[in-house]
Amino acid sequence: MLIEQNFTKKININAFQQDLLTWFEREQRDLPWRKDKDPYKVWVSEIMLQQTRVDSVIPYFNRFIDWFPTIEDLAEADEDKVLKAWEGLGYYSRVRNLQSAVKEVKEKYNGEVPKSPEEISGLKGVGPYTAGAILSIAYGLPEPAVDGNVMRVLSRILLIWDDIAKPASRKVFEKAVRELISHEDPSAFNQALMELGALICTPTSPSCLLCPVREHCHAFEEGVQEQLPVKTKKTKTRHVQLASAILMDEKGRFLIHKRPESGLLANLWEFPNIELQHPLQFEREAVKQQFSQSLHLEVHLEKIIGQIEHVFSHLIWNIEVYAGKISASVPENEDWKLVTTEQIQEFAFPVPHQKMFKLYQDSQS
Ligand code: SF4
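Residues numbered from 1 in each chain as written. Predicted model: local features only at pLDDT ≥ 70, side-chain atom pairs only at ≥ 80, totals over all residues. Heavy atoms only, no water.

1. Some remarks on the confidence of the model for the protein
This is how the line gets drawn: pLDDT: the predictor's confidence for each residue, scored from 0 to 100. Here a strand is any run of E in DSSP of at least two residues, a helix any run of H or I of at least four, and the numbering for each starts at the N terminus.
Counting all residues, the mean pLDDT for the protein is 92, and 97% of those residues have values of 70 or more. Of all secondary-structure elements in the protein, the lowest mean pLDDT belongs to helix 13 (residues 284–295), at 86, while helix 4 (residues 71–76) reaches the highest, 98.

2. A word on empty space enclosed by the protein
Put simply, the rule reads: A 1.4 Å probe that fits but cannot get out identifies a cavity on a 1 Å grid over protein atoms alone, an open set with protein on both sides within 12 Å along at least five of seven lines counts as a pocket, and a residue lines either if it has an atom within 4 Å of a point. Grid points are joined across faces, edges and corners, and a volume is the space filled by probe spheres set on the points. As a working rule, the residues Ala, Val, Leu, Ile, Met, Phe, Trp, Tyr, Cys and Pro are called nonpolar, Asp, Glu, Lys and Arg charged, and the rest polar, with Gly in that last group.
One pass over the full model with this rule turns up one cavity of 30 Å³ or more. The calculated volume of the largest cavity comes to roughly 100 Å³. Around the largest cavity, the lining comprises 14 residues; the ones closest to its centre are Cys201, Pro206, Cys208, Cys211 and Cys217. The residue makeup of the lining of the largest cavity, split by class, is 10 nonpolar, two polar and two charged.

3. What to know about the packing of aromatic side chains
How two aromatic rings sit relative to each other is set out by the distance from centre to centre and by the angle between their planes. Selection criterion: Pairing of aromatic rings covers Phe, Tyr and Trp, the last counted by its six-membered ring, and requires centre-to-centre distances within 6.5 Å; plane angles under 30 degrees mean stacked, over 60 mean edge-to-face, and any other angle means tilted. Note on exposure labels: buried denotes an accessible area under 20% of the residue type's maximum, exposed denotes more than 50%, and partly exposed covers the range between, all computed with a 1.4 Å probe on protein chains only. Lysine and arginine charges are scored as sitting over a ring when NZ or CZ, respectively, is within 6 Å of the ring centre and within 35 degrees of the ring normal.
Scanning the model with the defined rule gives 12 aromatic pairs in all. On the basis of an interplanar angle of 75 degrees and a centroid distance of 4.9 Å, the ring pair of Trp269 and Phe347 is categorised as edge-to-face. With Trp269 in strand 3 (residues 269–270) and Phe347 in the loop between helix 14 (341–344) and helix 15 (351–364), this pair connects stretches of sequence that are 78 residues apart. Across the pair, exposure class does not vary: Trp269 and Phe347 are buried alike. A network of ring pairs unites the aromatic residues Phe254, Phe271, Phe349, Phe357 and Tyr360 as a single cluster. A cation over a ring is seen here: Arg63 above Trp67, with NZ or CZ 4.9 Å from the ring centre.

4. Points about the layout of surface pockets
Considering only enclosed or pocket space, the second largest pocket measures out at about 300 Å³ in volume. In this structure, the second largest pocket is lined by 19 residues; those nearest its centre are Gly90, Tyr91, Leu265, His310 and Phe312. Taken together, the residues that form the lining of the second largest pocket break down as 11 nonpolar, seven polar and one charged.

5. Describing helix 10 (residues 169–180)
Which entries qualify depends on this criterion: To estimate how far a helix should extend, the number of its residues minus one is multiplied by 1.5 Å. Contacts are assigned to residue pairs with any non-hydrogen atoms lying within 4.5 Å of each other.
Here helix 10 spans 17 Å end to end across 12 residues, near enough to the 16 Å set by a 1.5 Å rise per residue. Listing the buried residues of helix 10 in full gives Ser169, Val172, Phe173, Glu174, Ala176, Val177 and Leu180. On its buried face, helix 10 is in contact with helix 1 (13–27), helix 8 (128–138), helix 9 (148–157) and helix 11 (186–199).

6. Observations regarding helix 11
Between its terminal C-alpha atoms helix 11 stretches 20 Å, which fits the 20 Å expected from 14 residues at 1.5 Å a residue. Counting buried positions along helix 11 gives 12 out of 14 residues, so the element sits mostly inside the fold. Turning to helix 11, its buried residues number three or more, namely Pro186, Ser187, Ala188, Phe189, Asn190, Gln191, Ala192, Leu193, Met194, Glu195, Leu196 and Gly197. Where helix 11 is buried, its residues contact helix 1, helix 2 (39–49), helix 8, helix 9 and helix 10.

7. Concerning the site of the ligand
Rules: The rule for a residue being near a molecule or strand is that one of its heavy atoms must lie within 4 Å of it. Any molecule with more than half of its atoms within 2 Å of a cavity's or pocket's grid points is counted as sitting in it.
By nearness alone, every residue bordering the ligand is listed as Arg156, Ile157, Ile200, Cys201, Pro206, Cys208, Cys211, Arg214, Cys217, Phe220 and Gln225. Here the ligand is seated within the largest cavity. Split into classes, the residues belonging to the shell around the ligand amount to eight nonpolar, one polar and two charged.

8. Section: the packing of helix 3 (residues 54–67) against helix 5 (residues 79–86)
Definition in use: Fitted lines through C-alpha atoms serve as axes, helices being fitted only where they are in contact, and the angles separating the N-to-C directions of these axes extend from 0 to 180 degrees. With respect to orientation, any angle under 35 degrees is reported as roughly parallel, any angle over 145 as roughly antiparallel, any angle of 65 to 115 as roughly perpendicular, and every other angle as oblique.
Relative orientation of the contacting elements helix 3 and helix 5 amounts to 155 degrees, with a least axis distance of 9 Å. Classified by the angle between their axes, helix 3 and helix 5 sit roughly antiparallel to one another. Residues Tyr60, Arg63, Phe64 and Trp67 of helix 3 form the contact with helix 5, whose participating residues are Lys81, Val82, Lys84, Ala85 and Trp86. Taken together, the residues that form the contact of helix 3 with helix 5 break down as six nonpolar, no polar and three charged.

Encoded structure:
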């Protein structure tokens with residue numbers, strides 16, 4: 001079985017650690033979450049960095065820590081404000097889980113992020129990667145922190161041909177890290193592997209000629225670095241056609257709706273929208289009728305102000321965006337509100353709905 005591979009025989013571990021760590025010390029980027037080793041900040045940064053690029057995360061991280069500087073602050077914060085701080089980062093279940101987990105840390109662990117792998121892994125949203133990242137970076141424990149980035153780098157250095165799309169492969173890479181990790185500085189070692197994957201050993205066209213561990217790299221030696229890692233394709237994405245409308249009442253306020261508390265983009269706010277399943281439903285009159293029926297309101301659609309495509313990991317929304325008017329008598333409640341342009345800023349909207357409002361504003365100028 002591949003899990004039984006002995007990686008220590010493939011590589012001079014001391015020399016590898018030294019080359020990697022020397023390079024990291026010299027070349028590491030100046031990132032705000034590297035300024036101290038506060039486990040809470042490491043945690044927030046790692047959750048934000050899942051599925052999101054470093055450059056995009058930096059301003060979000062700074063604002064998040066500004067709004068919620070401690071575990072206590074985040075545990076006690078209003079969910080709407082937390083979602084607002086995350087607005088635009090996507091994958092909102094990440095921040096909901098983070099807040100639940102932080103509440104647990106406050107209540108069960110006296111506000112201190114636990115140091116044991118078992119306890120930290122029991123927190124909501126803390127998978128093996130995040131647990132390893134916090135334990136190694138903040139607490140200096142020699143625990144593996146294996147994500148796609150690290151699997152790519154190690155598959156090349158150690159010539160590991162396991163399919164990284166399969167969950168079972170993670171164990172192979174965790175074993176490799178346990179064998180290679182520096183016990184003097186696990187924090188720098190794990191960060192250096194991540195940094196190497198981000199800056200040098202990139203998914204396409206790795207910069208092997210600039211690589212500090214080229215001498216140790218079996219894929220480079222055999223000229224197969226572009227063929228690794230092995231990663232089978234994901235299942236097909238689903239296309240959904242939507243019509244959405246920015247609807248204004250007679251007082252110049254916009255109708256917005258809170259999404260259900262579970263499922264995609266849960267609890268975020270949106271402009272009214274309907275799914276169009278049949279080509280006949282795409283006609284403006286048909287769209288208008290569907291809006292009127294679903295909102296129980298007289299809706300007047302004025303014009304199409306644009307199209308938006310938004311790609312999720314498993315789903316693509318194609319949205320036709322309308323501007324329109326509604327009658328003044330809309331009953332407001334928890335889930336439906338009429339808000340002014342200024343008030344809209346207080347609600348957290350997913351990116352495609354932010355873009356819709358921008359389209360609307362551009363269409364008015
Ligand atoms: S030599 Fe090339 S493939 Fe090997 S670790 Fe360095 S960048 Fe990656």
